[in-house]
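Tertiary structure, described
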Amino acid sequence: MRKIYDFHGGIHPPENKHQSVGEPIEAAGIPQQLIIPLSQHIGAPAASVVTVGERVLKGQQIAEAKGFVSVPQHAPTSGVISAIENRVIAHPSGFSAPCIVIDTDGLDQWIDHSGQPDFESVEPSELIKLIRSAGIAGMGGAGFPTAVKLTVKAATKIETLILNGTECEPYITADDVLMRERAEQIIRGATILRHILSPGETVIGVEDNKPEAIAALRAAAEGTGVDIVSFPTKYPSGGEKQLIEILTDKQVPSGGLPSDIGVVCQNIGTAVAIANAVDKGEPLISRITTVTGDAVDKPRNFDVLLGTPMAFLLDKAAYQAGKNNRLIMGGPMMGFSTPRVDVPIVKTTNCILAPTESELPTPPPAQACIRCGMCADACPASLLPQQLFWFSQGKEHEKLEEHKLFDCIECGACSWVCPSHIPLVQYYRSAKADILKARSDNEKSEQSRARFEAREERLVQLAAEREAKRAARKKAAEERAKKAAAGDGEDPIQAAIERAKAKKAAQESS
Ligand code: SF4
Ligand code: SF4
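Quantities reported herein were computed from a predicted structural model and do not represent experimental measurements. (Residues numbered from 1 in each chain as written. Chains lettered and ligands numbered in written order. Predicted model: local features only at pLDDT ≥ 70, side-chain atom pairs only at ≥ 80, totals over all residues. Heavy atoms only, no water.)

1. Observations regarding the sheet that holds strand β7 (residues 79-88)
As a reminder, the rule being used: When DSSP locates at least two bridges between a pair of strands, those strands are taken to pair. Helical segments are the DSSP runs of H or I of at least four residues, strand segments are the runs of E of at least two, and each set is numbered from the N terminus.
An order of β2-β8-β7-β4 is seen for the 4 strands of this open sheet, with the pairing classed as antiparallel. Of all the strands in the sheet, the pair left with one neighbour each is β2 (33-37) and β4 (55-56). Pairing between β2 and strand β8 (residues 96-104): 5 bridges, direction antiparallel. Looking at the pairing, L34 lines up with I102 of β8.

Following this line, the structure appears as structure tokens:
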């Protein structure tokens, strides 16, 4: 039996997962319009390669990756490009971003495609290229491009490949049902990843509140050497750093990467996307999304095309708008409220939560901090949330960085335990955004200062060159004058006067 470890802090909020696992995964179908944001991942947005009016096929690339940390986007079904414009997207600030809009034709007509099912004969670097061109970005959280995560330094030996099947956030069951229903594909994805990384061991970590998923994975993993490990349920065990600590007792250094300690971690949904891309040549164009909460009459998990408007999915789940107090994209701990129902489902949308007021009451007004220290006890990153709160209020960026604000995984455990109902995590999100903006502003002003200094240097250099030429001419003139005075050459000044006189006389006589 593998030894299991624990991480600091953590909480046990009500799970509320049973509501959405009663039914099998349901295909959501094809909405009339799909809205594909050019950025559904961390890194540079993709750039459109289609034009308005163009017909596209299912799986066709419609936007190309721009730079190393980027992924392309593909058409989730066939149809006609009806617009390339800014649309409101799923984001805490509810802002708009460039999107490709497809009016679907209902034919669901695929582009020609094929995979590399004999992947063991393919070079790992080629498989990484294939994963990149399939548009795969982490489906468990932030949406980091998978190919970038798999490109580890040549000198780095990966000891442990972890597939994250933890899904610790309340209400969300998208990964649970995926493990129950598509365990073979997950194991297939794990073996492809194992071929790419050659790790010492391959482990799938699952919390013990998912016995059906664990049983399905164990059956599918039989004889493959992939180890299915379960451990006690605690939020946020699904955080990458926390899961690594649970399974290996190793801690990712502050500001470092899992590969620094010989670990690579991928979500199980990402493993399925990799299996589809490698075996069948299918890009990432759909995902499993949970729709749940007491304001929907048919809570369940949907297999949904990327770009599907949230309203379409809510309709499938028999949404009762009158009962709902707010719509949350994601779960109650790490999700964010979205004021509009036309925002599209993207690669990272694991849940739409439609609670009633009695189910998830609006938080009461925040009161003053009573310095109880409960937030520090709960923090899985061993931070000091109370101090971070003060520094965030005072916009003390240096202090925030000293206190490792960027190690905060925004799990919300501190806010959840706070008896003063202070929305701590919201302060940290906003402080991080401020710091990142200040860094980018600094970088820009550094660049313009460097440009100004280079120009000044050039001007000084030009002036010095001009002065050197003038000094050389003066010296030459003095040499000639000296020679003339010595009688071994003409007097240059007298010669110039004679030349001027001759020129004037010529002008007068003409
Ligand atoms: S839990 Fe809330 S009240 Fe207690 S120390 Fe932290 S911020 Fe202050
Ligand atoms: S939100 Fe950040 S500070 Fe709060 S408990 Fe989670 S990791 Fe710690």
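Back to the write-up after that little detour.
2. Examining the pattern of salt bridges
Threshold: By definition, a salt bridge exists where a carboxyl oxygen of Asp or Glu is found within 4 Å of a side-chain nitrogen of Lys or Arg. Working definition: with a 1.4 Å probe on protein chains only, accessible area under 20% of the residue-type maximum means buried, over 50% means exposed, and in between means partly exposed.
Going through the model one piece at a time under the given rule, you end up with 25 salt bridges. The salt bridge partner of R340 is D342, with a shortest N-O separation of 2.6 Å. Its relative accessible area of 32% is what places D342 among the partly exposed residues. Linking E467 and R470 is a salt bridge whose minimum nitrogen-to-oxygen distance equals 3.6 Å. Here E467 pairs with R470, and both are found in helix α13 (residues 424-485), just 3 residues apart, close to one helical turn.

3. Examining the pairing of strand β14 (residues 300-305)
Of all 6 residues in β14, 5 are buried, a share of seventy percent or more. With 2 bridges connecting them, strand β1 (residues 26-27) and β14 associate as parallel partners. Residue pairing for β14: E26 is matched across the bridge by F302. One ladder, built from 6 bridges, connects strand β13 (residues 286-292) with β14; its direction is antiparallel. Its bridge partner being in β14, S286 is matched across the sheet by L305.

4. Brief notes about the site of ligand 1
Put simply, the rule reads: The nearness test applies per residue and asks whether one of its heavy atoms lies within 4 Å of the molecule or strand. Polar here means any residue outside two lists: the nonpolar Ala, Val, Leu, Ile, Met, Phe, Trp, Tyr, Cys and Pro, and the charged Asp, Glu, Lys and Arg; Gly therefore counts as polar.
Taken together, the residues surrounding ligand 1 are C369, I370, R371, C372, G373, C375, Q386, C418, P419, S420 and L424. Class assignment of the residues belonging to the shell around ligand 1 gives a composition of 7 nonpolar, 3 polar and 1 charged.

5. A few points about unusual backbone geometry
Here the residue pair Y235 and P236 is connected by a cis peptide bond, since its omega of 0° sits within 30 degrees of zero. At S382, a residue that is not glycine, the phi angle is positive and equals roughly 55°. Relative to the elements of secondary structure, S382 occurs in the loop between α9 (374-378) and α10 (385-393). Phi is positive for K395, close to 50°, though the residue is something other than glycine. Position of K395 among the secondary structure elements: in the loop between α10 and α11 (397-402).

6. Section: the nonpolar core
Counted only if it meets this: Residues belong to a common nonpolar core when they are buried Ala, Val, Leu, Ile, Met, Phe, Trp, Tyr or Cys residues joined through side-chain atoms within 4.5 Å. The contact criterion used throughout is that any non-hydrogen atoms of two residues lie within 4.5 Å.
L163, I186, I204, L217 and I228 are the most contacted members of the largest nonpolar core, which has 55 residues in total. If sequence neighbours within four positions are ignored, I186 has contacts with L163, L178, M179, I204, L217, I268, A271 and V272.

7. Here we look at the packing of aromatic side chains
For the record, the criterion: Aromatic pairs are defined between Phe, Tyr and Trp rings, using the six-membered ring for Trp, whenever the two ring centres lie within 6.5 Å; interplanar angles under 30 degrees are classed as stacked, those over 60 as edge-to-face, and all others as tilted. We call a charge positioned over a ring when the NZ of a Lys or the CZ of an Arg lies within 6 Å of the ring centre and within 35 degrees of the ring normal.
Scanning the entire structure with this criterion turns up 1 aromatic pair. With a centroid separation of 4.9 Å and an interplanar angle of 80°, the aromatic rings of F389 and Y427 are classed as edge-to-face. Pair noted here: F389 is in helix α10 and Y427 is in helix α13, with a separation of 38 residues, a long-range link. For F389, a relative accessible area of 7% puts it in the buried group. Above the ring of F7, the side-chain terminus of K234 is found at 4.2 Å from the ring centroid. The aromatic ring of F406 is capped on one face by R439, whose charged end is 4.9 Å from the ring centroid.

8. Notes on the site of ligand 2
Near ligand 2 you find C379, P380, P385, C408, I409, E410, C411, G412, A413, C414, V425 and Y428, and these make up its full shell. Elements represented by at least two residues in the shell around ligand 2 include exactly α12 (413-417) and α13.

9. Regarding the sheet that holds strand β11 (residues 227-231)
Stated formally: Under this scheme, a helix contributes an axis fitted over its contacting stretch, all axes are lines through C-alpha atoms, and angles between N-to-C directions fall in the 0 to 180 degree range.
Pairing is parallel across the open sheet formed by 4 strands, whose spatial order is β11-β10-β9-β12. In this open sheet, the two edge strands, each paired with only one partner strand, are β11 and β12 (263-267). Each strand axis lies, on average, 25° off the axis of its neighbour in the sheet, ignoring direction. Two elements, strand β9 (residues 160-164) and strand β10 (residues 201-207), share 5 bridges in a ladder whose sense is parallel. Bridge assignment links L161 to a residue of β10, and that residue is T202. Here helix α7 (residues 268-280) sits on the sheet in contact with β9, β10 and β12, set at roughly 80° to β12.

10. Concerning the pairing of β7
The sheet contact formed by β4 and β7 spans 2 bridges and is antiparallel. For V56, the partnering residue across the bridge sits in β7 and is G79. Of the strand pairs in this sheet, β7 and β8 are connected by 9 bridges, and their pairing is antiparallel. When the sheet's bridge partners are listed, I84 is paired in β8 with I100.

11. What about the domain arrangement of the protein?
Buried accessible area, meaning the area lost when the parts come together, often serves as the stated size of an interface. Put simply, the rule reads: The split of the chain into domains comes from an automatic or database domain assignment. The term buried area refers to how much accessible surface (probe radius 1.4 Å) is lost by two components on association, counted for both of them together. Counting of polar contacts relies on pairs of N or O atoms within 3.5 Å, with two restrictions inside protein: one atom must be capable of donating a hydrogen and the other of accepting it, and residues adjacent in sequence are counted only when both atoms are side-chain atoms.
Each assigned domain of the protein is listed with its residue range as follows: domain 1 (18-352) and domain 2 (367-481). On a C-alpha basis, the centres of domain 1 and domain 2 stand 33 Å from each other. Between domain 1 and domain 2, the residue contacts involve 9 residues of the former and 11 residues of the latter. When domain 1 packs against domain 2, close to 780 Å² is buried across both sides, 56% of that on carbon and sulfur atoms. Its largest share of buried area at the contact with domain 2, domain 1 owes to Q242, M333 and M334, together 51% of the area lost on that side. Scanning the region where domain 1 abuts domain 2 turns up 1 salt bridge. The salt bridge involving D407 is made with K241; its shortest N-O contact spans 3.9 Å. The interface formed by domain 1 and domain 2 holds 3 residue pairs in polar contact (both at pLDDT 80 or more) in total. For the side of domain 1 that touches domain 2, the per-class residue count stands at 4 nonpolar, 4 polar and 1 charged.

12. Some points on α13
Let me state the cut-off plainly: Take the residue count of a helix, subtract one, and multiply by 1.5 Å to get its expected span.
With 62 residues, α13 should reach 92 Å at 1.5 Å per residue; the first-to-last C-alpha distance of 90 Å fits that figure. Within the sequence span of α13, burial applies to L424, V425, Y428, A431, K432, I435 and A484. Downstream of α13 by a residue or two, G487 has a phi angle that is positive, lying close to 80°.

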